[in-house]
Amino acid sequence: MSRAKVLWILAGVLALGYVVAGLSRISFNVDILRLLPSHLHQVGGLSLFLKNFALPNELIVTIDAPDSESAEVAAGKLAAAFAGHPELVKAAVARPPWETDPASLSEFLTFLMINQPVPTVAGLLTNLDPANSAVTLRTSMETLETSLSPQEIALRGYDPFGLTTPLASESGLLGGAQKSEFSSGDGLFRVVYLEAARPFANYKEIAKWLAEVQKIATAAVAGTPITLGFTGEPAFVAEISTGMEWDMATSAFATLVLISLIFWLCYGQVAPLRWLMAMLLLTFVFSLATAGLFLNELTVIGAGFASVMIGLSVDYGYLIYQQSLRHQGSVGGLQWQCLQNIAWTSTTTAAAFFALNLSSLPGLSQLGSMVGLGVCIGALVMLGVFAPLAMRMRHGDVRTVPSRLDPLFASRRFAVIGTWFTVGMVVILLATLVIRGFPAADFSASTFRARHSGSQSALENLYRKLSDDRGLLSLIVSGRSESEVLTRLRDIRSRMDTAIEKGDAVSFLSPLPMWPDVERQKLNLAALAPVEARLPELKSAVLEAGFTEEAFGLTRAVIGQVAAWQSADLPVWPENPTSRWILRRMARHEDGNYLALGMVEPVPGRELALSKAFEDDGVYLVSWGALGEELRRTMPREIVQVSLGLLGAILLILSIGLRSARAILLFAVTTALVLVCLAGAMSLLGMTWGFFNLAAVLLLLGTGTDYSILLLLALRRNGGDTDAARRKLGLVIFLCCTSAAAGFGSLGWAGNSGLAALGKTCALGLLIDGLISLFLLPRAWDLIHGEWAFTRWIRRKQFDS
């Protein structure tokens, strides 16, 4: 075997190892906050909320039934079915744990009690005083006979002395049916909460687990008029991740199909098309492998780079193939000839995308890095591999012919029609912009979601049937110790009272009663300790009042818990399953990570102002609505700053390549006109600006500018002959524009709303850019270089002859 073959085999093995290693590391991150600037206070607070209180292992199963009995039976069936699969489900909770086991609530109620002010506990102890106990028991009996609240009846029946009932009411445990986490007021809607048997390693495990759970749930209610829904963090992660995979695959496939169709319509050749597709796939695979090796994960916006990169890389293939049809020299000559164009366009495009790393938006930075690498890889693949193949096809047995569209782009009539059409388009779009104004802005959370989301539909149904907290702000207080969080909670309570008085807030649900206070715990435990010796006496009083022995169970358990905590290290936290269930969305207390969660109802329109007033160290007052408002204020400024830096880099590169102030001015005016017309087109079509399609401005600066750069370079080389430049590059620009638009446009069908908006906006902008560059830029060149009607008439006569 020759040395050359050995080297080729070795190179192939290394390339294969590179690809396998890179692709094996690909993973998706579906946290939309990873796309946003981490320095924004709203982003930091919502990140803490999702990480600590969104419960990544908890799935919510919703039940809609025609009657309350069917709903209750279905909830029981589901809980029983999941209990039979411990390998999948650790716990299935279909009703409040304390309804079926009131005694299990004793630990949490004791925790609430010892955190109360000392006078409050002294007041509760008066219920146990021999002089008051008979009256207390008689009142409890009357409550049992008259109350309509199942929760109150259940708890009062186990707490006849009323030792803990006021605390349960204060904490919301005795809220009415309308506030229940489990059932709507009419009983037609119920919820079952599932905790996965073990933490998930990745999104593939989540998707597989969810599919198995859905299968079990569907089988459990088969043959009944029950409608199930699945929401919660696992459902969203599985839905978004699998949707991202599908979007990547389908958008890349659609782009390849559209590029193939465009190439076939232009050249009618199979062999070069086959090789071109192979080069694009090679570019795609190597770029994706690079993503796996150099990035830990892909975000939803990064996942969209595949079709974009294919649509950009094919530009170089078109240019090389079109030049090869006219080239009479060697492969090296063709590569050098094409390199002069590809070097400038790929440099500006890659620079544009790499410049996205200047942004504080992680999602844009990732997209910029990946597409920038893809463009560089694509340029190398096309020059190094496709150029020799194109020349071999020409000199070999493969029949190569000029494009069917060459005569069209060489026609002066076509140029005139195209010019008038583009002028009309520009006039209409500018008039629309003047009349309707710039497109509206939408930075709400909906722009980050899937367009058709079963998980979101189930969540909105849950909001409608149970309590809707979407208008509330989440108060997250963090600290390095319990005492630090406690100090901040006390300060916030007084400040929030002031905010309510000033009219900035309506109400405030503080987590302070749920947070341990060492001094109070110490004093209250000491005050409650003597009650243990009186338990036999208290039990006798309960039995004499007509209660059963079972009714004394909660009181006995509370006092027993007090005795157990007498020797515990302070502060104490409740740890049994019922306590953990109640605190799961209220508090976190691991070493170095202490968090409390409260809720604030703001006055409408004052959400962001109220949030800004509480931007203290370790304090976050956040919501998705407030985040959208903050993005609406900060994102345009961010995009303008990055755009100016990007445009400056492009102009610097072009000043070296063009060496003409008038040409650079023409490029800048063309780019500005494209962006203004894009705004007019969006306004005409009813599109809105959002996080994703504001990024389209940056992408257009990197991709659409290639068309004007190609023409300006050709004009510089041929002495300013606009007709010759259009004849030579008109077809190439057409192919590049339509292919890039196809790459972006294929994202228009993406499941993610933001990614789809990005694709549509970029495709629209590229088409506008292509028309303006191809038909208006040459006219503008003639004007600024002083070539007037007579000179153009002479040139056209020469051209026609």
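Above this text you will find the structure in question.
Residues numbered from 1 in each chain as written. Predicted model: local features only at pLDDT ≥ 70, side-chain atom pairs only at ≥ 80, totals over all residues. Heavy atoms only, no water.

## Points about the overall build of the protein chain
Then, number 1: Of the regular secondary structure elements, the protein chain holds 31 helices and nine strands.
Then, number 2: Total accessible area on the protein chain stands at roughly 34200 Å², and carbon and sulfur atoms take up 62% of it. (Helix = DSSP H or I, 4+ residues; strand = E, 2+ residues; numbered from the N terminus. Areas by Shrake-Rupley, 256 points an atom, 1.4 Å probe, with all protein chains shown as cover.)

## Examining the sheet that holds strand 1 (residues 58-64)
Then, number 1: The strand order across the open sheet formed by four strands is 2-3-1-4, and the pairing between neighbours is antiparallel. Only two strands of the sheet have a single partner each, and these edge strands are strand 2 (89-93) and strand 4 (227-231). Recorded for the sheet is a direction-independent mean angle of 20° between the axes of neighbouring strands.
Then, number 2: Where helix 3 (residues 68-83) meets the sheet, its contacts fall on strand 1, strand 2, strand 3 (189-196) and strand 4, and the angle it forms with strand 3 comes to roughly 10°. (Pairing = 2+ DSSP bridges. Axes fitted to C-alpha atoms, helices over the stretch in contact; angles between N-to-C directions. Contact = heavy atoms within 4.5 Å.)

## A closer look at the packing of helix 5 (residues 106-114) against helix 20 (residues 518-528)
Then, number 1: It is at 8 Å that the axes of helix 5 and helix 20 come closest, and there the two elements cross at 110°. In terms of orientation, helix 5 lies roughly perpendicular with respect to helix 20. Every residue of helix 20 that contacts helix 5 at Phe-111, Met-113 and Ile-114 is listed here: Arg-520, Gln-521, Asn-524, Leu-525 and Leu-528.
Then, number 2: Taken together, the residues that form the contact of helix 5 with helix 20 break down as five nonpolar, two polar and one charged. (Parallel < 35°, antiparallel > 145°, perpendicular 65-115°, else oblique. Nonpolar A, V, L, I, M, F, W, Y, C, P; charged D, E, K, R; others polar.)

## Describing the environment of Leu-631
Then, number 1: Summarising the element assignment, Leu-631 is placed in helix 25 (residues 624-658).
Then, number 2: Here Leu-631 falls in the buried class, since its relative accessible area comes to 0%.
Then, number 3: Spatially, the C-alpha atom of Leu-631 lies 9.5 Å from that of Pro-37, the residues being 594 residues apart in sequence. (Buried < 20%, exposed > 50% of the residue type's maximum accessible area, 1.4 Å probe, protein only.)

## Here's the deal with a positive patch on the surface
Then, number 1: The grouping of Arg-326, Arg-659, Arg-716, Arg-717 and Lys-728 at the surface amounts to a positive patch.
Then, number 2: Within the secondary structure layout, Lys-728 lies in helix 29 (residues 722-745).
Then, number 3: Using a relative accessible area of 36% as the deciding quantity, one classes Lys-728 as partly exposed. (Patch = residues over 30% accessible without salt bridge, like charges linked within 9 Å, V, L, I, M, F, W, Y side chains within 5 Å. Salt bridge = Lys/Arg side-chain N within 4 Å of Asp/Glu carboxyl O. Lys, Arg positive; Asp, Glu negative; His and termini not counted. Charge placed at Lys NZ, Arg CZ, Asp CG, Glu CD.)

## Notes on helix 6 (residues 118-125)
Then, number 1: Those residues of helix 6 not exposed but buried are Val-121, Leu-124 and Leu-125. Looking down the long axis of helix 6, one finds its buried residues gathered within 100° of arc, a one-sided arrangement. (Arc of directions from axis to C-beta.)

## Quick word on the pairing of strand 1
On a regular strand, one side chain projects to one face of the sheet and the next to the other, so that they alternate.
Then, number 1: Within strand 1, seven of the seven residues are buried, which leaves the element mostly enclosed by the surrounding structure.
Then, number 2: Here strand 1 shows a buried face lined by Glu-58, Ile-60, Thr-62 and Asp-64 and a second buried face lined by Leu-59, Val-61 and Ile-63.
Then, number 3: For strand 1 and strand 3, the ladder comprises seven bridges, and the chain directions are antiparallel. Bridge pairing in strand 3 places Glu-58 opposite Glu-195.
Then, number 4: With five bridges joining them, strand 1 and strand 4 adopt antiparallel strand pairing. Bridging across to strand 4, Ile-63 finds its partner in Leu-228.

## Points about the pattern of salt bridges
Where charged atoms from two side chains of opposite charge come close, those side chains can pair.
Then, number 1: Under the definition given, this model contains 18 salt bridges.
Then, number 2: Notably, a salt bridge pairs Arg-520 with Asp-517, separated by 3.7 Å at the nearest N-O pair.
Then, number 3: What makes Arg-520 partly exposed here is its relative accessible area of 27%.
Then, number 4: Through salt bridges with shared partners, a single network forms among Glu-58, Glu-181, Arg-584 and Arg-585.

## Considerations on helix 3
A turn of α-helix holds 3.6 residues, and therefore any two residues three or four places apart point the same way.
Then, number 1: Helix length check: helix 3, at 16 residues, gives a terminal C-alpha distance of 23 Å against a target of 22 Å (1.5 Å per residue), a fit within 8%.
Then, number 2: Three or more residues of helix 3 are buried, namely Ala-71, Ala-74, Ala-75, Leu-78, Ala-79, Ala-81 and Phe-82. All buried residues of helix 3 lie within an arc of 165° about the axis, which places them on one face of the element. For helix 3, exposure combined with an orientation more than 90 degrees from the buried face picks out Glu-69, Ala-80 and Ala-83.
Then, number 3: In this fold, the buried residues of helix 3 make contact with strand 1, strand 2, strand 3, helix 10 (203-220) and strand 4.
Then, number 4: Among the residues of helix 3, the N-terminal cap falls to Asp-67, whose side-chain oxygen and the backbone nitrogen of Glu-69 are separated by 3.2 Å. (Expected span 1.5 Å × (residues − 1). Polar contact = N/O pair within 3.5 Å; in protein donor to acceptor, adjacent residues only side chain to side chain.)

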